[in-house]
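Report on the structure
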Amino acid sequence: MTHIAIDPITRIEGHLRIEAEVDSGQVTDAWSSSTMFRGIEIILQNRDPRDAWLFAQRI
Amino acid sequence: MSIEGERANPIDGGDNVAVADENPRTASTAHRMLDMPAELARRGISRRDFLKYCTMMAATLALPTDQISRIAHALEAVQRPAAIYLEFQDCAGCTEAFLRASHPSVSQIILDKISLNYQETIMAAAGTQAEAAAQDTIAAGNYLLMVEGSISTKDQGVYCCVAGRSALDLLAEAAKNASAIVAVGSCAAFGNIPAAYPNPTGAVGVSSLVSHVPIVNMSGCPVNAVNLAAIVTYYVTYRSLPQLDQLGRPLFAYGTRIHDACERRAHFDAGQYVEHWGDEGHREGWCLYKMGCKGPATFHNCPAVRYNERTSWPVLAGHGCIGCSQPKFWDQMTPFYERLPDVKGFGVEFNVDRIAEILAAVSVFAVAAHAVGSVVRRRSKPESPPPVDENPKAEENTEMDENQEEPK
């Protein structure tokens, strides 16, 4: 049983970490983590609704 | 990208583990050696295309024509400067804007001219191999550091981590040996959307954290690919940064107010405004100021350079400028569809000359007076000419009151 962590996962947009348990060449369990948070949902609160798309398209 | 020969770069799918075993300085230097004309030809970029690119760069940088050959010469040099491109609190929109340009793209040429040893979105290596590529470059020193995205400072920077380390930590390390830093896009430059109220993660731009290395802020949301290519070309050619404004932005790209170079400016001057989306004025391409255009408060070369290979830009497409190259535009330029007087503050770089220009504009264009006059009053107490007042009656009343008081 080996525990591996691949961080960063490249060739994607965003930050991703994958951890996996490997047993005899077979992945037996895996976890993914998104390692970046900006709080766009919090920032959007109490804004003019007409502006929402400009914020949300930058997620 | 598949590369033969000596160029074993992790971006191109080379085996960077083998590189890590060698002396990093020798290894990274070896990577930078290649036959540039042959390399360009192999990628289908002709000599003519290359020189056209050099001319475009000289034009964008507002350099005299004799500098075209100098740029070409510098770009053909076999010694390629190393670069690291870090992504923090970003949406990868700047990366996309840069990479999606068409053929022969500015990004292709730039990616050939620098030894880009780390770029998460396009590199083949992942995990520890990717980090090793960055570590080797940092150890060798004298590289160009490009940063996209803001840096979270709240709670020890836990809101943005790569390879188990915070962006704060990674930036401090990568900035240490860098010869210059390019803050790519408004997030890296000023904090941008992650730093918008209430800034949940304590996001800041690079220049809030790094002071010992020259930094150039290439703001814009996203950055303009041509401007980014131009700054890298400038750095490769002159090994320095061009003249910057008070916000650390190069004057070649941020020295002109959008409103002053706008193709719809004639309609503003003529008092022809879009009043409603889809009305006659909108169909005719009239001024978008009343629809909330922030061009009068924004400094960027969008009207000249545009986006997507000079295809278009928001105002040409019929939507007002949102002021994306200005600091804190998410808070100071919103609501985006309200006209400028509702904006809490103009950009901070208004100098005396610009205020004078605005004053001149105010005296000529009464329509703009209520927009700009209030700002001018707030910014300065000009000697002459005074801004057109929104409420002349109020002032008259005051004078009358004073006059009345004097006899007493």
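What you are looking at is a predicted structure, and each value in this text was computed from that prediction instead of being measured. (Residues numbered from 1 in each chain as written. Chains lettered and ligands numbered in written order. Predicted model: local features only at pLDDT ≥ 70, side-chain atom pairs only at ≥ 80, totals over all residues. Heavy atoms only, no water.)

Time to look at the packing of aromatic side chains. As enumerated under the stated definition, the model contains 10 aromatic pairs over all chains in all. Plain terms: the ring middles of B:Tyr273 and B:Tyr289 are 6.0 Å apart, the flat faces sit at 55° to each other, and that makes the pair tilted. Residue B:Tyr273 is located in the loop between helix H14 (265-269) and helix H15 (280-284), and its partner B:Tyr289 is located in the loop between H15 and helix H16 (302-305); the two are separated by 16 residues in the primary sequence. Residue B:Tyr273 is classed as buried on the basis of its relative accessible area, which comes to 4%. Plain terms: the ring middles of B:Trp330 and B:Phe336 are 5.6 Å apart, the flat faces sit at 75° to each other, and that makes the pair edge-to-face. A relative accessible area of 1% places B:Trp330 in the buried class. Note on B:Phe336: relative accessible area 2%, which makes it buried. The rings of A:Phe55, B:Phe329, B:Trp330 and B:Phe336 are connected pair by pair, giving a single aromatic cluster. (Phe/Tyr/Trp six-rings, centres within 6.5 Å; stacked < 30°, edge-to-face > 60°. Helix = DSSP H or I, 4+ residues; strand = E, 2+ residues; numbered from the N terminus. Buried < 20%, exposed > 50% of the residue type's maximum accessible area, 1.4 Å probe, protein only.)

It is worth spelling out the interface of chain A and chain B at this point. Contacts between the two partners involve 27 residues from chain A, matched on the other side by 41 residues from chain B. Summed over both partners, the interface of chain A with chain B comes to about 2,800 Å²; 58% of that surface belongs to carbon and sulfur atoms. For the pair chain A and chain B, the number of links is 2 salt bridges. Taken together, chain A and chain B are joined by 20 residue pairs in polar contact (both at pLDDT 80 or more). Mapped onto the side of chain A that touches chain B, the elements with two or more residues apiece are helix H1 (40-44) and helix H2 (52-56) of chain A. Tallied by class, the residues present in the side of chain A that touches chain B amount to 12 nonpolar, 5 polar and 10 charged. (Contact = heavy atoms within 4.5 Å. Buried area = accessible area lost by both parts, 1.4 Å probe. Salt bridge = Lys/Arg side-chain N within 4 Å of Asp/Glu carboxyl O. Polar contact = N/O pair within 3.5 Å; in protein donor to acceptor, adjacent residues only side chain to side chain. Nonpolar A, V, L, I, M, F, W, Y, C, P; charged D, E, K, R; others polar.)

Residue and element names in this part refer to chain B. Running from N to C, helix H5 (residues 67-76) and helix H11 (residues 225-238) point in directions that differ by 80°, and their axes come no closer than 8 Å. By the criterion of interaxial angle, the relationship of H5 to H11 is roughly perpendicular. In this structure, H5 contributes Gln-67, Arg-70, Ile-71, Ala-74 and Leu-75 to the contact, and H11 contributes Thr-233, Val-236, Thr-237 and Tyr-238. Taken together, the residues of the contact of H5 with H11 sort by class into 5 nonpolar, 3 polar and 1 charged. (Axes fitted to C-alpha atoms, helices over the stretch in contact; angles between N-to-C directions. Parallel < 35°, antiparallel > 145°, perpendicular 65-115°, else oblique.)

Residues and elements named next belong to chain B. In this fold, Lys-113 is placed in helix H7 (residues 106-113). Polar side-chain contacts of Lys-113 include one of 3.3 Å to the backbone oxygen of Leu-75. Look past the residues within four positions of Lys-113 in its chain and what remains in contact with it is Met-36, Leu-40, Phe-50, Leu-75, Arg-80 and Pro-81.

Turning our attention to the nonpolar core. All names here are of chain B. Formed by 47 residues in total, the largest nonpolar core has its most connected members in Tyr-53 and Val-182. The greatest single-element share of this core, amounting to 11 residues, is contributed by H11. Sequence-distant contacts of Tyr-53, defined by excluding residues within four places in its chain, comprise Leu-75, Val-106, Ile-109, Ile-110, Ala-229 and Thr-233. If you look at the next biggest cluster of nonpolar residues, it comprises 34 residues, including Leu-86, Ala-125, Val-162 and Ile-215. (Core = buried A, V, L, I, M, F, W, Y, C linked by side-chain atoms within 4.5 Å.)

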